[in-house]
Amino acid sequence: MALIARRMRHLGTENAFRLGDDIQRCLDRGMDVIRFNLGAPDFRSAPHLNRVASDALDAGRSGYCDPAGILPFRQAIADHVRRTRGIDPGPERVVVTPGAKPPIGYTLQTYVNEGDEVVYPSPGFPIYESWVRFVGAVPVPLHLSDERDFAFNADDLAALVTERTRLIILCSPSNPTGGVLTRGELAGIAELIRERCRPDVRIYSDEIYEQILFDGLTHESIASHPGMEERTVIASGHSKGFAMTGWRLGWAVLPTVEEAAIFKRININIMSCVPPFLQEAGAAAYEDPASAPEVRRMVGEFEERRNWIVPALNAVPGMTCRTPKGAFYVFPDVSAMCAGLGVYEAHAALPEAARQRATPAGMLQMFLLYRYGVATMDRASFGRIGAEGQDFLRLSIANSMDDIRRGVARIAEAATDAPGFAEFCREEAAKGDEGLFP
Ligand code: PLP
């Protein structure tokens, strides 16, 4: 009998966390690493919110609480959803979760049986594909292309929806592309869903980047469209927009009270409740007028950095970078850089098993990290199925301008260092199973 249950074979991971070991190895070698890999704002949580949490702790509000979330926080979330999406779920349909990640797994466990089809964006947050496989569903990636600014429309979705579709995952603004679906695109998608999907098909709308939009855009949710509120699980939280990743504050709005009760039951089975003193600060994030200027300042800085880095990356030999409209990532196509550096030849020369595991963009990613001290994320980190031949890197701009400039200068230097790349590959191959591409 095997020690580990079979189902664990299917659980994926998030490379953003795994890359930490490689970065540490570089740091241990005395390298200075610029971390374009991070998916966390480089800002601190706001002092007025920190104070709410520490005051609540000092007042002794440190015990268990309602597993669905404390009522004032759920009310604040419901009010926020009403103001920003024009729908009124009330606190009864809100469940507080430790971050916006848990509702992904909750949704897959609640609605999806083995063999059901799940449509999800690719490139997209890797946890979607991980959970789809874990529950034994059929992954149906909706491939996004840079030529269309990583957006998609009803026709793209129509080609993937079948009788067996159970769940459709949307993410706007998107990680990793920064793509944003417009109100028009969402209206078309909503119409298609109304026409082609049974009422029990659910939409999972990941809106964790809802506050981080550029060029004066405002957030749009599929749930605001006719017939969608009753089919959509909206998920969001405080990690990105309020720079509170470590607080683990997230939430889901469910289509019905009964479905909210299931999410609450999953909370009870896994972690009982989110700490109540953190939830008090979570409510203040939506209610205290001091929050809006903090968010604006941060988003303004992200926009300035985006405005600098996109042309800078487009000036790097072999890189082509679209202008993201939201979130804090850029996602350049690096296929020409791979070609210039000889990455495709090096990839083709790997032994079969190693070639299956590695991707050209992944090899470039390791070269940039181990030789130039620049940590990025490769395309395969954001969904692998059907992504062969797509070579992109994700760079997070949640970094100081100084680091962004230094990082781009290093990438520009690396872009023409074909001899350095060849030597890097030779050295790794000589290490055999200990090398980076075993
Ligand atoms: N959804 C997307 C698209 C994300 O990018 C992330 C974090 O990177 C999450 C969900 C998870 O957010 P949290 O840290 O609040 O769990």
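Rules behind the numbers
Residues numbered from 1 in each chain as written. Predicted model: local features only at pLDDT ≥ 70, side-chain atom pairs only at ≥ 80, totals over all residues. Heavy atoms only, no water. Near = heavy atom within 4 Å. Polar contact = N/O pair within 3.5 Å; in protein donor to acceptor, adjacent residues only side chain to side chain. Areas by Shrake-Rupley, 256 points an atom, 1.4 Å probe, with all protein chains shown as cover. Nonpolar A, V, L, I, M, F, W, Y, C, P; charged D, E, K, R; others polar. 1 Å grid on protein atoms, 1.4 Å probe; cavity = no way out; pocket = protein on both sides within 12 Å on 5 of 7 lines; lining within 4 Å. Points joined across faces, edges and corners; volume = space filled by probe spheres on them. Helix = DSSP H or I, 4+ residues; strand = E, 2+ residues; numbered from the N terminus. Axes fitted to C-alpha atoms, helices over the stretch in contact; angles between N-to-C directions. Parallel < 35°, antiparallel > 145°, perpendicular 65-115°, else oblique. Contact = heavy atoms within 4.5 Å. Core = buried A, V, L, I, M, F, W, Y, C linked by side-chain atoms within 4.5 Å. Buried < 20%, exposed > 50% of the residue type's maximum accessible area, 1.4 Å probe, protein only. Pairing = 2+ DSSP bridges.

Draft legend 1. Fine view of the site of the ligand. Around the ligand, 13 residues are found, and the nearest of them are Asp-206, Tyr-209, Ser-239, Lys-240 and Arg-248. With respect to the ligand, the side chain of Asp-206 contributes an N or O atom lying 2.7 Å from a nitrogen atom. Coverage of the ligand by the protein amounts to 94% of the 400 Å² it exposes when considered alone. In the shell around the ligand, the residues fall into six nonpolar, three polar and four charged.

Draft legend 2. Summary view of the layout of surface pockets. By volume, the largest pocket is sized at about 1100 Å³. Together, 41 residues line the largest pocket, and Thr-13, Asn-15, Arg-18, Arg-357 and Arg-384 are the ones closest to its centre. Only α1 (15-28), α5 (126-134), α13 (352-357), α14 (360-372) and β11 (377-378) provide two or more residues apiece to the lining of the largest pocket.

Draft legend 3. Fine view of the packing of helix α10 (residues 291-314) against helix α15 (residues 401-414). Contact geometry of α10 with α15 gives a least axis separation of 11 Å together with a crossing angle of 5 degrees. In terms of their interaxial angle, α10 and α15 are classed as roughly parallel. Residue-level contacts link Arg-305, Trp-308, Ile-309, Ala-312 and Leu-313 of α10 to Met-401, Ile-404, Arg-405 and Val-408 of α15. Residue classes in the contact of α10 with α15 are distributed as seven nonpolar, no polar and two charged.

Draft legend 4. Spatial organisation of the nonpolar core. In this structure, Leu-157, Ile-168, Ile-309, Met-337, Met-363, Leu-364 and Ile-411 are the most contacted members of the largest nonpolar core, which totals 119 residues. A per-element tally of this core places α14 first, with nine residues. Among residues more than four places away in sequence, those in contact with Ile-168 are Val-119, Leu-157, Val-161, Ile-193, Cys-197, Val-201, Arg-202, Ile-203 and Tyr-204. Residues Val-95, Val-118, Val-132 and Leu-254 belong to the second largest nonpolar core, which totals 27 residues.

Draft legend 5. Region of interest: the pairing of strand β7 (residues 232-237). Burial of β7 is extensive: six of the six residues sit out of reach of the surface. Burial along β7 is two-sided: Thr-232, Ile-234 and Ser-236 and Val-233, Ala-235 and Gly-237, pointing in opposite directions, are all buried.

Draft legend 6. Region of the structure containing the sheet that holds strand β3 (residues 117-122). In spatial order, the strands read β2-β8-β7-β6-β5-β3-β4; together these seven strands make up an open sheet with mixed pairing. Strands with a single pairing partner mark the edges of an open sheet, and in this sheet they are β2 (94-97) and β4 (138-143). Mean inter-strand twist for the sheet, computed between neighbouring axes without regard to direction, equals 20 degrees. Sheet contacts for α5: β3, β4, β5 (165-171) and β6 (202-206); angle to β3, the most-contacted strand, approximately 160 degrees.

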